[in-house]
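Fold and geometry: a report
Next come the chains, spelled out residue by residue.
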Amino acid sequence: VQLQASGGGLVQAGDSLRLSCVASGGTLGGTLMAWFRQAPGKEREFVAGNSWRGGNIIYSDFVRGRFTISRDDAKNMVYLQMNSLKAEDTAVYYCAGGRSLRYTPSQLPSAYDLWGQGTQVTVSS
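Everything quoted here is computed from the prediction, not taken from an experiment. (Residues numbered from 1 in each chain as written. Predicted model: local features only at pLDDT ≥ 70, side-chain atom pairs only at ≥ 80, totals over all residues. Heavy atoms only, no water.)

With the rule as written, the count across this model stands at one disulfide. One disulfide in the model links Cys21 with Cys95; its S-S distance is 2.1 Å. An S-S torsion of about 60 degrees defines the bridge between Cys21 and Cys95 as right-handed. Of this pair, Cys21 sits in strand β3 (residues 17–24) while Cys95 sits in strand β9 (residues 91–98), and the two are 74 residues apart along the sequence. Take Cys21: its relative accessible area is 1%, and that puts it in the buried class. Owing to a relative accessible area of 0%, Cys95 belongs among the buried residues under this scheme. (Disulfide = S-S within 2.5 Å. Helix = DSSP H or I, 4+ residues; strand = E, 2+ residues; numbered from the N terminus. Buried < 20%, exposed > 50% of the residue type's maximum accessible area, 1.4 Å probe, protein only.)

Position of Arg71 relative to the elements: it lies in strand β7 (residues 67–72). In this structure, Arg71 is in contact with Leu28, Thr31, Leu32, Met33, Asn50, Ser51, Trp52, Gly54, Met77 and Val78, ignoring residues within four places of it in sequence. (Contact = heavy atoms within 4.5 Å.)

A general tendency of soluble globular proteins is for nonpolar side chains to be buried together. Residues Leu3, Trp35, Val47, Phe67, Leu80, Met82 and Tyr93 are the most contacted members of the largest nonpolar core, which totals 27 residues. Counting only elements with at least two residues in this core, the list comes to β1 (2–6), β3, β4 (32–38), β5 (45–50), β7, β8 (77–82), β9 and β11 (119–124). A total of four residues in this core trace back to one element, the largest contributor, which is β3. Once residues within four sequence positions are removed from consideration, Leu3 is found in contact with Cys21, Val22, Ala23, Leu28, Met33, Cys95, Ala96, Gly97, Leu114, Trp115, Gly116 and Gln117. Counting residues in hydrophobic clusters, the runner-up holds seven residues, among them Leu32, Ala34, Phe46 and Tyr112. (Core = buried A, V, L, I, M, F, W, Y, C linked by side-chain atoms within 4.5 Å.)

A word on the pairing of β11. Residues of β11 alternate between two faces, with Thr119, Val121 and Val123 buried on one and Gln120, Thr122 and Ser124 left unburied on the opposite face. Looking at chain direction, strand β2 (residues 9–12) and β11 are connected through four bridges and run parallel. Across the sheet, the residue bridging to Gly9 is Val121, located in β11. When β9 meets β11, the two strands line up antiparallel, connected through three bridges. Across the sheet, residue Ala91 finds its bridge partner in β11, namely Val121. (Pairing = 2+ DSSP bridges.)

Here we take up unusual backbone geometry. Backbone geometry at Asn76 places phi at a positive 55 degrees, although glycine is not the residue there. Structurally, Asn76 is set in the loop between β7 and β8. Classification of Asn76 by relative accessible area gives buried; the value is 15%. Notably, Ser84 is not glycine yet its phi reads approximately 50 degrees, a positive angle.

As structure tokens, this is what we get:
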């Protein structure tokens, strides 16, 4: 299974973006999906996770209330709706899949075995 993220871009503070992640070469059935981000000079950090069948969704404190993760398993798609963007949200955003996680999102990158190539989000203040 390969993941490909898209939808990033350059926006102003307060704007919205919707990131998409499509899986090819297989399905997302049974796979917990998440979004991470990595800013220059910083470690990759967890943004949001959505368990298989969507029963368990968690967010990092810095995006809760602004970002929404969702998935459409019929289309092998995962989304990240980002509202009220801030300059500190600037980073490369990665979608990730954890085939062994299923129902419990992990905030550790090492727990995920599938990674997309990343999409750049730049928020100007």
